[in-house]
Amino acid sequence: MFPLYFIGFFVFIFGLCIGSFLNVVIYRLEKGEGFVGGRSYCPHCKHSLMWLDLIPVFSFLFLWGKCRYCGKKISVQYPMVEIATGLIFLLIFNFQFSWPVGASPQVLFNQFSIYQIINILFLWYIASSLIVIFVYDLKFYLILDSVLFPAIIITFLFRLLSSFFIGNWVLGIGNFILAALIASGFFLLIFLISRGAWMGFGDVKLAILLGLLLGFPNILAGLFLSFFFGAIIGLILMLLQKKGLKSEIPFAPFLIAGTLVSMFFGDRIINWYFNFFILP
Ligand SMILES: [Zn+2]
């Protein structure tokens, strides 16, 4: 018998490896290369990397954040994306499947239904897409349709599938479509009023995905958190004088951060809000 956290540990390691792959995807999307096949290489000296250079996080630490061949600095984006992916994968696994305290692995596997496994794989895929969109928008101020559109289609199909499983169209897909309309409608309004100055059209499209993911009323918590994070980071950047009032800050990273937090804690945030403000 191996302890339960053992499985969690492997999920985290698996997430680190996927994170390493996502870094490659981001780099190759930028260069317009295909991301299946071909060897990984240093972006500075183009020297192809050996397996020792490709171990998530550890290679970065052992090499002191520098390329073994040319000595140029490796971006901290690499280990950060890996660690973030590992943690988010672990969180998804944990939340999808809350550990019964002291349960044996046998109990664990009995509880795994096909639906739960599909759900976990679906959320891992969506989280990966969101991480790529997050980093890419942060770096290049561009939300990639090539990553966003497949995610929207798969999320829509997944909600359709869920409706069959649950046998309830309102809970299965209706409230998610409502959330998508509210979120994208809201951003479309901001986009039209400001003529694209406050919000890009990419954010309008991204909001469709986030609505389909969170549903109603979780989308409200997600949007609130996005603006909250945006305001805090914006203030910090202004205080550090990195950005002026009028400088552009990409919004997708905040939307994605708000969505991920709301995905895991949305129910609790909404309950807390109602208990705190609405009820005496
Ligand atoms: Zn190099």
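Residues numbered from 1 in each chain as written. Predicted model: local features only at pLDDT ≥ 70, side-chain atom pairs only at ≥ 80, totals over all residues. Heavy atoms only, no water.

Participant: How would you summarise helix 7 (residues 169-193) if you had to cite specific residues and measurements?
Facilitator: When the terminal C-alpha atoms of helix 7 are compared, their 34 Å separation across 25 residues agrees well with the 36 Å that a helix rising 1.5 Å per residue should span. Downstream of helix 7 by one or two residues, Arg195 has phi in the positive range, about 50 degrees. (Helix = DSSP H or I, 4+ residues; strand = E, 2+ residues; numbered from the N terminus. Expected span 1.5 Å × (residues − 1).)

Participant: Outline the packing of aromatic side chains, supporting the account with residue identities and numerical values.
Facilitator: In total, this model carries 19 aromatic pairs according to the counting rule given. Plain terms: the ring middles of Phe9 and Phe10 are 5.7 Å apart, the flat faces sit at 75 degrees to each other, and that makes the pair edge-to-face. A residue is classified by how much of its surface remains accessible, and Phe9, at 49% relative accessible area, is partly exposed. Both rings, one in Phe89 and one in Trp124, keep their centres 5.0 Å apart while their planes meet at 0 degrees; by these two values the pair is stacked. One end of the pair, Phe89, is in helix 3 (residues 77-96); the other, Trp124, is in helix 5 (residues 114-140), with 35 residues separating them in the sequence. Given a relative accessible area of 2%, Phe89 falls into the buried group. Positioned above the aromatic ring of Phe176 is the side chain of Arg159, whose terminal nitrogen or guanidinium carbon lies 3.9 Å from the ring centre. (Phe/Tyr/Trp six-rings, centres within 6.5 Å; stacked < 30°, edge-to-face > 60°. Buried < 20%, exposed > 50% of the residue type's maximum accessible area, 1.4 Å probe, protein only. Lys NZ or Arg CZ within 6 Å of the ring centre and 35° of its normal.)

Participant: So, the coordination of the zinc ion: which residues are in play, and what are the values?
Facilitator: Expected angles at a metal are 109.5 degrees for tetrahedral coordination by four donors and either 90 or 180 degrees for octahedral coordination by six donors. Here the zinc ion is held by Cys42 (SG), Cys45 (SG), Cys67 (SG) and Cys70 (SG), and the distances to it run 2.3 Å. The coordination sphere of the zinc ion comprises four donor atoms, whose angles at the metal cover 103 to 119 degrees; the geometry is tetrahedral. Sequence spacing of the donor residues for the zinc ion, all on one chain, is C-x2-C-x21-C-x2-C. Using a relative accessible area of 5% as the deciding quantity, one classes Cys42 as buried. (Donors = N, O, S within 2.8 Å, 3.2 Å for Na, K, Ca; no water. Tetrahedral: all angles 85-135°; square planar, octahedral: opposite > 155°, others 65-115°.)

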